[in-house]
Amino acid sequence: MKYSHLAFQEWLAGRAEHIERTLDELLPPADAVPTRLHDAMRYAVLGGGKRVRAALVYAAGQACPISGHAMAVEASLDRAAAAVELIHAYSLVHDDLPCMDDDTLRRGRPTTHVQYDEATAMLVGDALQPLAFELLAEMPIAPALVVQATRALARASGSLGMAGGQAIDLESVGRQLDREALQTMHGMKTGAMLAVSVALGGIVSGASSSARQALDDYAQAIGLAFQVVDDILDVTADSARLGKTAGKDAADNKPTYVSLMGLEQARAFAQDLREAALQALVPLGEGRARLAELADFIVLRDR
């Protein structure tokens, strides 16, 4: 794979710029009918975000020897990375709605329903989700791998994954969850989409079953770590740095790792998960470097 010689921050910025261009090309143009919906879709997807999920797709693909035509694999990694970013964007649009978290700030600018209106925001999510699966269907790799990728993303984003985690989150407002219940909720709501990003990189590159197991073990740890750090930042960072409303979880009386464990224990837990993620990567050899750097980035980030 290309870009292996770059320093991590340069590689990450390059991957973010690349997926931004890819998404810009794959989204419907703003002047296509219905123009308001397409403009809102582009607003929700483009122009911000860490693109961690896309980076995980690329890093996982890089970690495994490519099985098949390299150009076809790279084109498929682009579509898989774009697909997870589309699902993520749709989830944020719906998560911010008044019937969900009722938030007004996302990525440092007004949320989609504020910038447009609630009905348009609902339709943005409704349209981004099928577009993600359309992109997976277009991947120029073996049909069996396309099916595996499609099933993995569907499961991660559905009632047994992200959507189910959000349902549990809504039901848990004002309640004190124990650690196991909190971990289940966040493993579904946040961890599932991060884990499937890693899985898609392995699927597209044709990784062996042992490599896929290593990727899965890594992804489970880093997916949970991401949410623990999010909970920490919600109480330690300000809105300008986060690009979204700080302190929202506490204000909404939502259960978090900080409310359950305290700030210092939550930080220690995040570090433990980071170590578990790094250990899981050992069987992948030298190819694991980018995934290891992403584990550090996720746990040590300040926004």
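Structure first, text after, so check above.
Because the structure is a prediction, the values reported are computed rather than measured.

**Q** Break down the pattern of salt bridges for me, citing the residues and quoting the values.
**A** Across all of its chains, the model carries twelve salt bridges by this definition. Two residues, Asp96 and Arg106, come together in a salt bridge whose shortest N-O distance is 2.8 Å. Here Asp96, found in the loop between helix 4 (70-95) and strand 1 (105-106), pairs with Arg106, found in strand 1; they are ten residues apart in sequence, far enough to count as distant. Accessibility expressed as a relative area gives 17% for Arg106, which makes it buried. Bridged by salt links that share partners, the residues Glu20, Arg51 and Glu85 form one connected network.

**Q** Give me the lowdown on helix 9 (residues 179-205), citing residues and values where you can.
**A** Approximately 55 degrees is the largest bend angle found in helix 9, and it occurs at Gly191. Burial of helix 9 is extensive: 20 of the 27 residues sit out of reach of the surface. Looking at the residues trailing helix 9, positive phi occurs at Gly206, about 75 degrees.

**Q** Tell me what's going on with the environment of Ala59, and back it up with residues and numbers.
**A** The residue Ala59 is located in helix 3 (residues 52-63) in this model. The class for Ala59 is buried, based on a relative accessible area of 0%. Each C-alpha atom, one on Ala59 and one on Glu138, is 21 Å from the other, the two residues being 79 residues apart in sequence.

**Q** Describe the side chain of Gln227, with residues and values.
**A** Assignment of secondary structure puts Gln227 in helix 10 (residues 209-236). A polar contact of 2.5 Å, which involves the side chain of Gln227, links it to the side chain of Thr190. In contact with Gln227, not counting residues within four places along its chain, are His186 and Thr190.

**Q** Explain helix 14 (residues 263-280) to me, using residue names and the numbers behind them.
**A** Here helix 14 contains 18 residues, and its C-alpha end-to-end distance of 26 Å stays within 8% of the 26 Å for a straight helix at 1.5 Å per residue. All of the buried residues along helix 14 are Ala266, Phe269, Ala270, Leu273, Arg274, Ala277 and Ala280. Burial along helix 14 is one-sided: seen end-on, the buried residues are contained in an arc of 145 degrees. Turned more than 90 degrees from where helix 14 packs its buried face, Glu264, Gln265, Asp272 and Gln279 sit exposed. Close packing links the buried residues of helix 14 with helix 9, helix 10, helix 13 (257-261) and helix 15 (289-300).

**Q** Describe the packing of aromatic side chains, listing the residues and the values that go with them.
**A** Centre-to-centre distance and the angle between the planes together describe a pair of aromatic rings. Within the structure shown, the criterion is met by four aromatic pairs. An angle of 45 degrees between the planes, with centres 5.7 Å apart, marks the rings of Tyr257 and Phe269 as tilted. Of this pair, Tyr257 sits in helix 13 while Phe269 sits in helix 14; the two residues are twelve residues apart in sequence, bridging distant segments of the chain. Taken together, the aromatic side chains of Phe8, Trp11 and Phe297 make up a single cluster linked through ring pairs. The ring of Phe226 carries Arg53 above its face, with NZ or CZ at 5.3 Å from the centroid. Above the plane of the ring of Phe269 lies Arg179, whose end atom (NZ or CZ) is 4.3 Å from the centre.

**Q** Report on the packing of helix 1 (residues 8-26) against helix 15, specifying residues and quantitative values.
**A** In the contact formed by helix 1 and helix 15, the axes pass within 11 Å of each other and the chain directions differ by 90 degrees. The angle between the axes of helix 1 and helix 15 places the two elements in the roughly perpendicular class. Seen from helix 1, the contacting residues are Phe8, Gln9, Trp11 and Leu12; seen from helix 15, they are Arg290, Glu293, Leu294 and Phe297.

**Q** How would you summarise unusual backbone geometry if you had to cite specific residues and measurements?
**A** Cis geometry marks the peptide bond from Val33 to Pro34; its omega dihedral reads 0 degrees. You will see that Asp102, though not glycine, has its phi angle at about 50 degrees, which is positive. Inspection of the secondary structure assignment puts Asp102 in the loop between helix 4 and strand 1. Judged by relative accessible area, which is 44%, Asp102 ranks as partly exposed. For Arg107, which is not glycine, the phi torsion reads 55 degrees and is therefore positive. Using a relative accessible area of 24% as the deciding quantity, one classes Arg107 as partly exposed.

**Q** Just give me the short version of the nonpolar core, but keep the residues and values in it.
**A** Trp11, Leu86, Leu128, Tyr218, Val228, Leu291 and Leu294 are the most contacted members of the largest nonpolar core, which totals 99 residues. Considering each element in turn, this core owes the most residues, 14 residues, to helix 10.

The rules behind each value
- Residues numbered from 1 in each chain as written.
- Predicted model: local features only at pLDDT ≥ 70, side-chain atom pairs only at ≥ 80, totals over all residues.
- Heavy atoms only, no water.
- Salt bridge = Lys/Arg side-chain N within 4 Å of Asp/Glu carboxyl O.
- Helix = DSSP H or I, 4+ residues; strand = E, 2+ residues; numbered from the N terminus.
- Buried < 20%, exposed > 50% of the residue type's maximum accessible area, 1.4 Å probe, protein only.
- Bend = angle between axes of the 7 residues up to and from the residue.
- Polar contact = N/O pair within 3.5 Å; in protein donor to acceptor, adjacent residues only side chain to side chain.
- Contact = heavy atoms within 4.5 Å.
- Expected span 1.5 Å × (residues − 1).
- Arc of directions from axis to C-beta.
- Phe/Tyr/Trp six-rings, centres within 6.5 Å; stacked < 30°, edge-to-face > 60°.
- Lys NZ or Arg CZ within 6 Å of the ring centre and 35° of its normal.
- Axes fitted to C-alpha atoms, helices over the stretch in contact; angles between N-to-C directions.
- Parallel < 35°, antiparallel > 145°, perpendicular 65-115°, else oblique.
- Core = buried A, V, L, I, M, F, W, Y, C linked by side-chain atoms within 4.5 Å.

Honestly, that's just the spatial picture; any functional story needs more than this.
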